[in-house]
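# Structural overview
Given next are the chains, with one letter for each unit.
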Amino acid sequence: MSLLSPAPARIDADLYQDMMNPSRLDAFARESRSHVRLDISYRAYWHVLFDAVPQLLELSGPDGRAIFLPFMQWAQEKNLTFDWAYHIWAAEWLLQSEFRERVGADLALKLMAAAASRWSGRDRDLDYCGIVIASRLIEPTKAVAGWKLSSIETRFIEVEQVEFECELPAPEGNFGCFRTPGYELDHFPGWRPIPL
């Protein structure tokens, strides 16, 4: 691949299509403004993924590129939004990648906990207080629950692993979720697919 010129006239608007395609990062010379600008734009997503689940770096190596760039490319092709389900989609990509044999229950739980934590901090729907995420990769009686804070004065566990008294049906896909209107897990409405 020939490197593009570090043209000084390139502005962010010129790089929009490149920002949407992580594989384009290596098309620019490392010292170019364009490379630096693209690298910065991806860094926020890199940190969201690896800071929450540093075990991913044990799979990919310290720079995370072996996971991050192909996952971002896959996500762009699938037209995924990077909302609370970002880590679940990373898990889905891992299960289709060369890393699939190394994705066990422990890593799945960490990715699910990261997703539940993002939901707890980002969801603004007043009708729901919690989210429960399950996976075929973990025991059928277990799941991860994320909870919104009920008060600024309360001590509350934001994310926890929950264990049901009996097995629930497995989600249709690798992962499933449901939201709960209260702070008790007193109902099971069925697993819903992870939103795109």
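The structure under discussion appears in the preceding block.
This text gives an overview of the structure that appears in the document. (Residues numbered from 1 in each chain as written. Predicted model: local features only at pLDDT ≥ 70, side-chain atom pairs only at ≥ 80, totals over all residues. Heavy atoms only, no water.)

### Quick word on the overall build of the protein
When helices and strands are counted, the protein shows 6 helices and 4 strands. The helix and strand sequence of the protein, counted from the amino end, reads α-α-α-α-α-α-β-β-β-β. Along the first, second and third principal axes, the C-alpha set of the protein runs to 60 × 40 × 25 Å. Within the span of the protein, comprising 196 residues, buried residues form 43% of the whole. Considering only contacts within the protein whose residues lie at least 6 apart along the sequence, 53% involve residues at least 24 apart. Carbon and sulfur atoms provide 51% of the accessible area of the protein, an area that totals close to 11000 Å². Of the charged side chains in the protein, 20 are positive and 28 negative, and the gap between their average positions amounts to 6 Å. (Helix = DSSP H or I, 4+ residues; strand = E, 2+ residues; numbered from the N terminus. Buried < 20%, exposed > 50% of the residue type's maximum accessible area, 1.4 Å probe, protein only. Contact = heavy atoms within 4.5 Å. Areas by Shrake-Rupley, 256 points an atom, 1.4 Å probe, with all protein chains shown as cover. Lys, Arg positive; Asp, Glu negative; His and termini not counted. Charge placed at Lys NZ, Arg CZ, Asp CG, Glu CD.)

### What to know about unusual backbone geometry
Even without glycine at this site, Asn79 takes up a positive phi of about 60 degrees. With respect to the secondary-structure elements, Asn79 resides in the loop between helix 4 (65–78) and helix 5 (86–95).

### A word on the pattern of salt bridges
Evaluation of the coordinates by the stated rule reveals 6 salt bridges. A salt bridge links Glu139 to Lys142; its shortest N-O distance comes to 3.4 Å. (Salt bridge = Lys/Arg side-chain N within 4 Å of Asp/Glu carboxyl O.)

### Remarks on the environment of Asn79
According to the relative accessible area criterion, Asn79 is exposed, its value standing at 63%. Residues Asn79 and Leu196 lie 117 residues apart in sequence; the distance between their C-alpha atoms is 7.7 Å.

### Examining helix 5
Taken across its 10 residues, helix 5 has 10 buried, putting it largely inside the fold. Taken together, the buried positions of helix 5 are Tyr86, His87, Ile88, Trp89, Ala90, Ala91, Glu92, Trp93, Leu94 and Leu95. Elements in contact with the buried residues of helix 5: helix 2 (33–52), helix 3 (55–60), helix 4, helix 6 (105–122), strand 1 (130–135) and strand 4 (175–180).

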